[in-house]
Amino acid sequence: MHKPLRFAAIAAACAVAGAGLYGAGAATAGQTTANSTHEPYNIGLLVKDIDTYYGTTADADGVYQASPTSPYAKDLARVDAAARTYIDAAARKAHHQGEKPAVVFDIDDTLLLSLDYEKRYNYTYSSASWAAYVNKADRPEVFGSPELVRYAAKKGVEVFYNSGLSEAQRTAAVANLKKVGADVNLDAGHMFLKDAANPPSYLASCATAGSWTCTTVQYKSGTRKHIEKDLGYDIIATFGDQYSDLDGGYADRTYKLPNPTYFVS
């Protein structure tokens, strides 16, 4: 995120959220409704559903947080439990076979939660507001994900990061990951960020100096291919909140974390 071609799951009209919801209830006597099978889901109701899913509350500083008892937290816990079981078995198998196992994590809404940004900007996006938000380096963790990073490292699995954040945001990303406890392999050799000015040679098919045409899938899968083919690791699992974080191959297993607030193609 935010990652290229970011599309909000809720349109800019969310700016009117908080106003009276039109058409939220059932039709009453004397009321005519379109009953269209093509009418999109009501934005006001969708915002409420998202808040319920996250258990959204503002803390004492006015920062929007997810609840650790929310449906969102429970969904994350299920992913985490399955991933731990798999990593344990896959790491033992890889080590037995003399391979070098690795895991790859996206960052935004996979390790660092951006709910506060989404709420403050009514599910819209601008590069300026996003850059300022990221540079604060104060996002909370996605429940359980930093612990999963440390768990993988403890099992002898090499941890890599593959993010749509820009190279200019590296310092803030590292500081924020340290703050939430994902303090594993935060060097440039393990954290791959988007460098449109000087893209790596392994992305030459879609990116050259000053010209970046890579889709999210090309960028993410191309980086995973580099980790496997050039660096010699077997990526046993990759984690992301978008399907575009995961598509394109070069991972034995993929784990999709929940994120109902935006979609990246």
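Please read all numbers here as calculations on a predicted model, not as lab measurements.

## Observations regarding the packing of aromatic side chains
So, step 1. Taken as a whole and assessed by the stated rule, the structure comprises 14 aromatic pairs.
So, step 2. Both rings, one in Tyr53 and one in Tyr72, keep their centres 5.8 Å apart while their planes meet at 65°; by these two values the pair is edge-to-face. In this pair, Tyr53 is assigned in helix 1 (residues 43-54) and Tyr72 in helix 2 (residues 71-96), connecting sequence segments 19 residues apart.
So, step 3. A residue is classified by how much of its surface remains accessible, and Tyr53, at 19% relative accessible area, is buried.
So, step 4. Judged by relative accessible area, which is 1%, Tyr72 ranks as buried.
So, step 5. Relative to Tyr233, the ring of Phe160 lies with its centre 5.2 Å away and its plane at 75°, an arrangement referred to as edge-to-face. Taken together, the positions of Phe160 in strand 5 (residues 158-166) and Tyr233 in the loop between helix 7 (216-230) and strand 9 (234-240) put the pair 73 residues apart, joining distant regions of the chain.

## Side note on unusual backbone geometry
So, step 1. The phi angle at Tyr123 is positive, at roughly 60°, despite the residue not being glycine.
So, step 2. In this model, Tyr250 sits at a positive phi of 65°, which is unusual for a non-glycine residue.
So, step 3. Tracing the chain through its elements places Tyr250 in the loop between helix 8 (243-246) and strand 10 (254-256).
So, step 4. Tyr250 gets classed as partly exposed once you look at its relative accessible area, which sits at 29%.

## Considerations on the environment of Pro71
So, step 1. Looking at the element boundaries, Pro71 is found in helix 2.
So, step 2. Judged by its relative accessible area of 39%, Pro71 falls in the partly exposed class.
So, step 3. Apart from residues no more than four positions distant in its own chain, Pro71 is found in contact with Thr52 and Tyr53.

## Regarding the packing of helix 2 against helix 5 (residues 145-154)
So, step 1. Their axes nearest at 10 Å, the elements helix 2 and helix 5 cross at an angle of 10°. On the basis of their axis angle, the class for helix 2 and helix 5 is roughly parallel. Contact with helix 2, carried on its side by Asp80, Ala83, Arg84, Ile87 and Asp88, involves Glu147, Leu148, Tyr151 and Ala152 of helix 5 and no other residues of that element.
So, step 2. A breakdown of the residues in the contact of helix 2 with helix 5 according to their chemical character gives five nonpolar, no polar and four charged.

## Digging into the pairing of strand 4 (residues 101-105)
So, step 1. Most of strand 4 is tucked away: five of the five residues are buried.
So, step 2. Side chains Pro101, Val103 and Phe105 project from strand 4 onto one buried face, and the interleaved Ala102 and Val104 project onto a second face that is buried too.
So, step 3. Note: strand 4 against strand 9, five bridges, orientation parallel. Across the sheet, Val104 pairs through a bridge with Thr238, a residue of strand 9.
So, step 4. The pairing of strand 4 with strand 5 spans four bridges and is parallel.

Calculation rules
Residues numbered from 1 in each chain as written. Predicted model: local features only at pLDDT ≥ 70, side-chain atom pairs only at ≥ 80, totals over all residues. Heavy atoms only, no water. Phe/Tyr/Trp six-rings, centres within 6.5 Å; stacked < 30°, edge-to-face > 60°. Helix = DSSP H or I, 4+ residues; strand = E, 2+ residues; numbered from the N terminus. Buried < 20%, exposed > 50% of the residue type's maximum accessible area, 1.4 Å probe, protein only. Contact = heavy atoms within 4.5 Å. Axes fitted to C-alpha atoms, helices over the stretch in contact; angles between N-to-C directions. Parallel < 35°, antiparallel > 145°, perpendicular 65-115°, else oblique. Nonpolar A, V, L, I, M, F, W, Y, C, P; charged D, E, K, R; others polar. Pairing = 2+ DSSP bridges.

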